[in-house]
Every structure is written in C-alpha cells, then in structure tokens.
Amino acid sequence: MTLGFTEHMVSRLDHITIVAPSLVAGSAYVEAALGVAPGPGREHPSMATHNLLLSLGSSVYLEVIAANPDAAPVSRARWFGIDEILDGSTPRLAAWVASTNDIAAATVPALGQVETMYRESHTWQMAFRPDGALALDGAAPLLIQRAVDANPIATMPASPLQIRELQIQHPAPEEVLALFAAIRLASIPSVTVARGATCALVAEIQTPSGLRRLGGA
C-alpha cells in the first residue's frame with residue numbers, strides 16, 4: 001500500500017495533553033503530580049478552549065486544556081473530547097500531539113481531517129476528528145504542523161522537568177503501532193506501546209524529587 005509520504009516526512013512527540021473541566025483543576029492536578037504548576041497559555045477562538053503550558057525539556061511540553069467559559073460559542077465539536085468533560089470530573093492525561101513537517105502526507109483517515117487553525121495573526125495546521133473524539137481512544141496523536149520556528153516551547157520559561165517516555169496501553173497495540181509506522185513516528189522522544197485492557201497514557205517525567213508518573217487508567 002502506498003501511503004503517499006515524502007522521503008523527508010517524519011513525525012515526533014510534540015506535547016502531552018491534560019484534559020480538564022477547568023484550567024484551575026488541571027493546574028492543581030499537574031502540580032500535585034509533578035511538584036511544578038504550568039504557566040500561562042493561550043486561547044483557541046475557533047474551538048472555544050484555552051490552555052496552560054509547561055516545558056518538559058528542549059522539545060516536548062505539557063498542555064492543560066479546558067473549555068473557555070469566556071469564549072464565544074462555537075457550532076462544532078471541540079477537539080480533545082472536551083465537550084464530554086463533566087464539571088467536577090478529574091483531570092487526566094487523555095491525549096498527545098505529534099508534530100510533522102508534512103501533515104498532508106502524514107494524515108491517515110483514522111486521524112481525521114486537516115484544518116487550518118488560527119489565533120490572532122498566527123496560523124497552523126492540525127489533523128483531528130471532526131466529531132471531537134480521540135482517535136483510538138487517545139492512543140493515536142492529533143497531528144500538528146507549524147510554521148518554521150513557531151513552536152511555543154521556545155518562549156516558555158525553563159522548568160526542572162524532563163520527559164523520559166510516553167507509555168501507551170491499548171487493547172489492540174498492533175493497530176496503534178501500524179498507525180505510528182504510517183505517520184513515521186520518530187523513536188526519539190520515546191513513545192512505547194503495550195497491550196492493556198483499556199487505553200491509558202502514562203508519561204514518565206524526571207523531576208527534582210525523582211521520577212514521577214503522570215496519567216494512567
């Protein structure tokens with residue numbers, strides 16, 4: 001089968017995403033787990049969401065995302081399954097995002113459709129399902145392609161945290177690994193897949209207090 005990718009195409013772990021009923025709840029969850037609170041983030045007007053951000057090293061960061069109660073309503077499903085989050089629910093590591101330098105070639109049907117997103121004068125492209133659901137229950141990434149030198153990690157405050165590995169459990173690990181091959185997921189930063197009864201994401205993160213695990217079933 002020809003996947004249509006170009007020789008230079010590669011995808012890699014870009015950031016991990018905590019989905020929360022509010023940014024306050026999401027920030028408290030991260031600080032309790034890692035000992036460091038995320039910093040300021042941004043708004044996503046076309047999705048009526050907003051986030052907080054935290055560096056996890058030189059190339060990966062953590063995002064806390066929630067519905068933005070002050071945003072204008074949107075007539076579409078919001079990404080990361082946010083419309084299904086109930087008030088008072090526990091924040092969780094529900095999703096991750098992989099960056100690519102050729103999103104048109106990397107996007108396979110399971111990942112959804114490529115859309116151009118915007119914030120003020122900044123635009124980027126993302127692939128996600130139009131119904132807002134997470135592909136393979138969150139085992140598969142959303143894909144992003146930014147303009148060159150537009151990664152937000154370059155402007156984040158330094159943090160003492162360093163991601164070591166993103167571990168994914170899924171009932172059909174072969175399906176997950178086949179998708180990773182299709183998007184040409186790089187081996188660094190490390191993303192591993194194992195069989196599990198349900199989909200679960202766990203990030204191993206080095207902190208000043210030792211290795212911590214974020215996420216789980």
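Just so we're clear, the structure is a prediction, and the values are computed from it rather than from any experiment.

Engineer: I'm lost on the nonpolar core in this one. Help?
Structural biologist: By size, the foremost hydrophobic cluster in this structure holds 46 residues, and its most contacted members are Ile16, Leu62, Trp96, Leu166 and Ile205. The greatest single-element share of this core, amounting to four residues, is contributed by helix 3 (residues 173-182). The residues contacting Leu166, other than those within four sequence positions of it, are Leu13, Ile16, Leu93, Trp96, Ser190, Val191, Thr192, Leu201, Val202 and Ala203. Counting residues in hydrophobic clusters, the runner-up holds 16 residues, among them Phe80, Ile82, Met126 and Leu142.

Engineer: Would you take a moment to explain empty space enclosed by the protein for this structure?
Structural biologist: Counting across every chain of the model gives two cavities of 30 Å³ or more. Around the largest cavity, the lining is made up of 18 residues, and of these His44, Asn51, Tyr61, Trp124 and Ile144 lie nearest the centre. At the level of elements, strand 3 (49-55), strand 4 (61-67) and strand 7 (122-128) are the ones that each hand at least two residues to the lining of the largest cavity. Of all the elements, strand 7 adds the most residues to the lining of the largest cavity, at three residues. Among the residues forming the lining of the largest cavity, the class breakdown is 10 nonpolar, four polar and four charged. Put simply, the second largest cavity is a space of about 70 Å³. In terms of lining residues, the second largest cavity is bounded by Trp79, Phe80, Leu111, Ala127, Phe128, Arg129, Gly132, Ala133, Leu134, Ala135, Pro141 and Leu142. Considering only residue class, the lining of the second largest cavity consists of 10 nonpolar, one polar and one charged.

Engineer: Can you help me understand helix 3 in this one?
Structural biologist: Those residues of helix 3 lying buried are Pro173, Val176, Leu179, Phe180 and Ala182. The inward-facing, buried residues of helix 3 abut strand 5 (92-100), strand 9 (162-170) and strand 10 (191-195). Where helix 3 ends, the next residue or the one after it, Arg184, has phi of about 55°, a positive value.

Cut-offs applied
- Residues numbered from 1 in each chain as written.
- Predicted model: local features only at pLDDT ≥ 70, side-chain atom pairs only at ≥ 80, totals over all residues.
- Heavy atoms only, no water.
- Core = buried A, V, L, I, M, F, W, Y, C linked by side-chain atoms within 4.5 Å.
- Buried < 20%, exposed > 50% of the residue type's maximum accessible area, 1.4 Å probe, protein only.
- Helix = DSSP H or I, 4+ residues; strand = E, 2+ residues; numbered from the N terminus.
- Contact = heavy atoms within 4.5 Å.
- 1 Å grid on protein atoms, 1.4 Å probe; cavity = no way out; pocket = protein on both sides within 12 Å on 5 of 7 lines; lining within 4 Å.
- Points joined across faces, edges and corners; volume = space filled by probe spheres on them.
- Nonpolar A, V, L, I, M, F, W, Y, C, P; charged D, E, K, R; others polar.

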